[in-house]
Amino acid sequence: YIRTKIIQIGCGHAHSLLLTENNTVCSYGWNVYGQLGVGKSWQSYSDQPAMIRYFIENEIKITSISVGYSHNCALDENGDLYSWGYNCCYEIG
């Protein structure tokens, strides 16, 4: 469960991202292309939000999220952009 206020939600084709007030990014849904940010080998579907640990472990403070069909972008407090997921047409850089 997420025990903090959600300040932004983004929905893709079959996955969603949540950004909480403490700058934690959580994801759930379909993960075939790694769009959950938890690695492709984790599992192909999650019905419970999972924290994207990369940002926590690297002390990255995310301030905004954007969600595409099967990819995502996140902007941190320094203006750095992170992207992950499906990249068939260079959606993530």
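Attention here is on the structure that accompanies the text. (Residues numbered from 1 in each chain as written. Predicted model: local features only at pLDDT ≥ 70, side-chain atom pairs only at ≥ 80, totals over all residues. Heavy atoms only, no water.)

## Focus: the side chain of Asp 76
Considering the arrangement of structural elements, one finds Asp 76 in strand β6 (residues 71-76). Discounting chain neighbours no more than four positions away, the residues touching Asp 76 are Ile 60, Lys 61, Ile 62, Thr 63 and Tyr 82. (Helix = DSSP H or I, 4+ residues; strand = E, 2+ residues; numbered from the N terminus. Contact = heavy atoms within 4.5 Å.)

## Topic: the pattern of salt bridges
Tallied over the full model, the rule gives one salt bridge. Measuring nitrogen to oxygen at the nearest pair gives 3.9 Å for the salt bridge that ties Glu 57 to Arg 53. Of this pair, Glu 57 and Arg 53 both sit in helix α1 (residues 53-57), four residues apart, roughly one helical turn. Residue classification places Glu 57 among the exposed residues on the basis of a relative accessible area of 58%. (Salt bridge = Lys/Arg side-chain N within 4 Å of Asp/Glu carboxyl O. Buried < 20%, exposed > 50% of the residue type's maximum accessible area, 1.4 Å probe, protein only.)

## What to know about the pairing of strand β2 (residues 15-20)
Among the six residues of β2, six are classified as buried, and the element is accordingly described as predominantly covered. Covered by surrounding structure in β2 are His 15, Leu 17 and Leu 19 together with Ser 16, Leu 18 and Thr 20, the residues of both alternating faces. Two elements, strand β1 (residues 6-11) and β2, share five bridges in a ladder whose sense is antiparallel. Note on β2: the bridge partner recorded for Cys 11 is Ser 16. If you look at the hairpin formed by β1 and β2, you'll find three residues sitting between the two strands. Sheet topology places β2 next to strand β3 (residues 25-30); five bridges connect them, and they run antiparallel. Bridge pairing in β3 links Leu 18 to Cys 26. (Pairing = 2+ DSSP bridges.)

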